[in-house]
Amino acid sequence: MKPAMETAAEENPEQSQERKGCFECCIKCLGGVPYASLVATILCFSGVALFCGCGHVALAGTVAILEQHFSTNASDHALLSEVIQLMQYVIYGIASFFFLYGIILLAEGFYTTSAVKELHGEFKTTACGRCISGMFIFLTYVLGVAWLGVFGFSAVPVFMFYNIWSTCEVIKAPQTNGTAGVEQICVDVRQYGIIPWNAFPGKICGSALENICNTNEFYMSYHLFIVACAGAGATVIALLIYMMATTYNYAVLKFKSREDCCTKF
C-alpha cells in the first residue's frame, strides 16, 4: 500500500499542473468571447426570424380576409395584393441580409476583444482595421434607425386588427340591445386606406363581423402580427447592443493604436 501511495503522491503534482493549465486555457478562451455581441446576435436572429416568418404568413392571411369579406372585386385590391407580394419578397431579402450581417458583427466582436488579442500574441492594429470598425458603427446606426421605422410600421396592422377584434367583443357583450343594436355596429376597413373607397362591400356589420372574428384567418393573422411586431422590437434592441459593442471595439482599437498606450481596459 505504501509504494502505491508514494506513486500517487508523485503523480498528483503533475496531474494538478495539467489540470491547472487546461483550466487557465479554458478561462482565456471564455474571456475571449464577446458576450455582448453573442447576445445581440442571438437576439437579432430571433427577432428577424419572428418578424419575417410571422409577417409573411400574416400578410397572406390579411389578403385572404380582404378578398373574402371586404373587397369581393379583385380589381379593387389589385394594388394592395401587389404591394403585399412585394413586401413578402423584401422579407426574404431582410432575412438573408441580417443572417450575414449578424455573423460578420459577431466575427468582428471576436477579433477585437482584448482577451483574444492576448491569446494570439502582441497587439497590432492598422488604419484599415479601425476604418472597418468605424464603418460597422455607422452602418449599425443607420440600420437601427431604419428598424425603428419598421417597428412603428409593424404596429399599424396590430392596431387595425385590435380595433376589429374589440368591435367584435362589443357585439358579443350582453349590454348590446337586441339584433337592431348589433347590426348598427360596423367596421369599415376603407378608412385605413388599404382598399379604395369604391370597394364593395368595404364595411361589415353585426353578426357578419362577429363571424369574421371567429375565423382562423383572422385569429392567426392578428396574433402573428403581434409576434412580428415583437420580433421587430427585439431586432431594434439587438442593433442597439451591436452599436454599443462596435463603439467599444472601435474605442479599444483607437486607444491601443497610440504609441504611448501603456494601460489595458
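No experiment lies behind these values; they were computed from the predicted model shown. (Residues numbered from 1 in each chain as written. Predicted model: local features only at pLDDT ≥ 70, side-chain atom pairs only at ≥ 80, totals over all residues. Heavy atoms only, no water.)

**Details of the state of the cysteines**
Defined simply, a disulfide is a covalent bond joining two cysteines at their sulfur atoms.
Alright, step 1. Within this structure, the stated rule accounts for two disulfides.
Alright, step 2. Put simply, Cys-186 and Cys-205 are joined by a disulfide, and their sulfur atoms are 1.8 Å apart. In this structure the cystine formed by Cys-186 and Cys-205 twists about its S-S bond by roughly 105°; its chirality is therefore right-handed. In this pair, Cys-186 is assigned in strand 1 (residues 186-188) and Cys-205 in strand 2 (residues 203-205), connecting sequence segments 19 residues apart.
Alright, step 3. When the cysteines of the protein chain that form disulfides are numbered from the N-terminus onward, they connect as 1-4, 2-3.
Alright, step 4. The thiol of Cys-44 is unpaired, and the distance to the nearest cysteine sulfur, on Cys-52, comes to 9.8 Å. (Disulfide = S-S within 2.5 Å. Helix = DSSP H or I, 4+ residues; strand = E, 2+ residues; numbered from the N terminus.)

**Here we look at the packing of aromatic side chains**
The geometry of two aromatic rings is summed up by the distance between their centres and the angle between their planes.
Alright, step 1. Tallied over the entire structure, the rule returns 13 aromatic pairs.
Alright, step 2. Centroid distance Phe-161 to Phe-218: 5.3 Å. Interplanar angle 35°. Geometry classified as tilted. Placement of the pair is Phe-161 in helix 5 (residues 127-172) and Phe-218 in helix 8 (residues 216-256), with a sequence separation of 57 residues. Of the two residues, Phe-161 and Phe-218, both sit in the buried class.
Alright, step 3. Judged by centre distance (5.4 Å) and plane angle (45°), the ring pair of Phe-161 and Phe-225 falls under tilted. Of the two residues, Phe-161 is situated in helix 5 and Phe-225 in helix 8; the sequence distance between them amounts to 64 residues. There is no split in this pair, since Phe-161 and Phe-225 are both buried.
Alright, step 4. Taken together through their ring pairs, the aromatic side chains of Phe-51, Phe-97, Phe-98, Tyr-101, Phe-136 and Trp-147 make up a single cluster. (Phe/Tyr/Trp six-rings, centres within 6.5 Å; stacked < 30°, edge-to-face > 60°. Buried < 20%, exposed > 50% of the residue type's maximum accessible area, 1.4 Å probe, protein only.)

Taken by themselves, the reported measurements are silent on function.
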